[in-house]
Amino acid sequence: MKYIQFTHVDSITGISVETEPARNGPAHPKVKGLEFVWARESNYPTNLPEFFGTCPDSSDTKIDGVTGEFIEADWLQMQADEMNARPKPISKEEEVSQAVQTMLDDSSKSRGYSSVISECSYASSTGSFGAEAQVTVDWRDAVWTYAYQVQEEVKTGARAEPTLTELLAEFPARKSP
C-alpha cells in the first residue's frame, strides 16, 4: 500500500490546482484505487487543499495532483499531528456555560456595564448603582442555580435535556430594582 498526499485537480483536464484553477470543478487525481482518508483541516482556509489517502502499490502516483508519497510511519505521524492540531469540540456543559455567561453579560451591557462581573462589582455601592447591582447579583445566582439544577436533573434522568434555546427561556427573569 502507498501512503500519499494529494490536492485537487480539474475534473476534466486533470491539471492540479497548484498549476491553475479547476475551471471544470475540482476532483481528486485519477490514481487507481485511491482512497481518501483525511485532510489537513487545521490550516483552513488555505490556497491549496491538502488531502491524504492510500492506494495499491501498483498505482501510478507520478501524476498531476499527487504532492507526496510517504512511508507508513511518517504518514501516520502526520495524521496524528493533524488530529492533535484540530480544535477540540466543546462539551454540552461548556456550551451551556458559555451561553449563560453571554446572556448575563449581554443583559449587563444593555444597562451600560462592560460585563455582569463589572455590574456586580457595584453591589456594595450606595445609591442606585448599588441597588441595581444587587438585583443583578441575585438574578445571576438564581440563573446559575437553575442551570445546575437542570443539569443534575438531566444526568439523573428526572427530565429530558432541553435545547439551549429552551433552557435560556426557562431562566428566572431579572427583577427591577
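Note that this is a predicted model, so its numbers are computed, not measured.

With respect to the nonpolar core
When a protein is soluble and globular, its nonpolar side chains tend to lie buried together. Counting residues in each nonpolar core, the largest one holds 13 residues, and the members touching the most others are Val100, Leu104, Val143, Trp144, Leu167 and Phe171. Among the secondary structure elements, those contributing two or more residues to this core are helix 2 (92-109), helix 3 (116-120) and helix 4 (128-156). No other element matches the six residues that helix 4 contributes to this core. Contacts of Val143, omitting those with residues within four sequence positions, involve Val100, Met103, Leu104, Phe171 and Pro172. Phe6, Val31, Leu34 and Cys55 belong to the second largest nonpolar core, which has eight residues in total.

Regarding helix 1 (residues 72-85)
In this model helix 1 runs 20 Å from its N-terminal to its C-terminal C-alpha over 14 residues, within 8% of the 20 Å that 1.5 Å per residue would give. By the burial criterion, the buried members of helix 1 are Trp75, Met78 and Glu82. Taken down its axis, helix 1 places every buried residue within 60° of arc, on the same side. Seen from the buried face of helix 1, the exposed residues on the opposite side, beyond 90 degrees, are Ala73 and Asn84. Residues of helix 1 that are buried in the fold lie against strand 1 (2-6), strand 4 (35-39), strand 5 (51-55) and strand 6 (66-70).

Focus: helix 4
Relative to the 42 Å expected for 29 residues at 1.5 Å per residue, helix 4 spans 42 Å between its end C-alpha atoms, a close match to the ideal helical length. Taken residue by residue, helix 4 has Gly130, Glu132, Ala133, Val135, Thr136, Val137, Trp139, Val143, Trp144, Ala147 and Val150 as its buried positions. Looking at the buried residues of helix 4, the elements they touch are helix 2, helix 3 and helix 5 (164-170). A positive phi of about 85° marks Gly157, the residue just after helix 4.

Looking at the sheet that holds strand 6
Overall, antiparallel pairing links the four strands, which are arranged 4-5-1-6 in an open sheet. Each edge of the sheet is formed by a strand with only one pairing partner; in this case those strands are strand 4 and strand 6. If you compare each strand with its neighbour and ignore which way they point, the axes differ by 30° on average. Packing of helix 1 onto the sheet brings it into contact with strand 1, strand 4, strand 5 and strand 6, and relative to strand 4 it is tilted by some 45°.

As for the pattern of salt bridges
Tallied over the entire structure, the rule returns nine salt bridges. With a shortest N-O distance of 3.6 Å, Glu20 and Arg23 are connected by a salt bridge. Residue classification places Arg23 among the exposed residues on the basis of a relative accessible area of 64%. Between Arg86 and Glu41 there is a salt bridge, and its shortest N-O distance comes to 3.7 Å. Of this pair, Arg86 sits in the loop between helix 1 and helix 2 while Glu41 is found in the loop between strand 4 and strand 5, placing the two residues 45 residues apart along the sequence. By relative accessible area, Glu41 is classed as partly exposed at 40%.

Rules behind the numbers
Residues numbered from 1 in each chain as written. Predicted model: local features only at pLDDT ≥ 70, side-chain atom pairs only at ≥ 80, totals over all residues. Heavy atoms only, no water. Core = buried A, V, L, I, M, F, W, Y, C linked by side-chain atoms within 4.5 Å. Buried < 20%, exposed > 50% of the residue type's maximum accessible area, 1.4 Å probe, protein only. Helix = DSSP H or I, 4+ residues; strand = E, 2+ residues; numbered from the N terminus. Contact = heavy atoms within 4.5 Å. Expected span 1.5 Å × (residues − 1). Arc of directions from axis to C-beta. Pairing = 2+ DSSP bridges. Axes fitted to C-alpha atoms, helices over the stretch in contact; angles between N-to-C directions. Salt bridge = Lys/Arg side-chain N within 4 Å of Asp/Glu carboxyl O.

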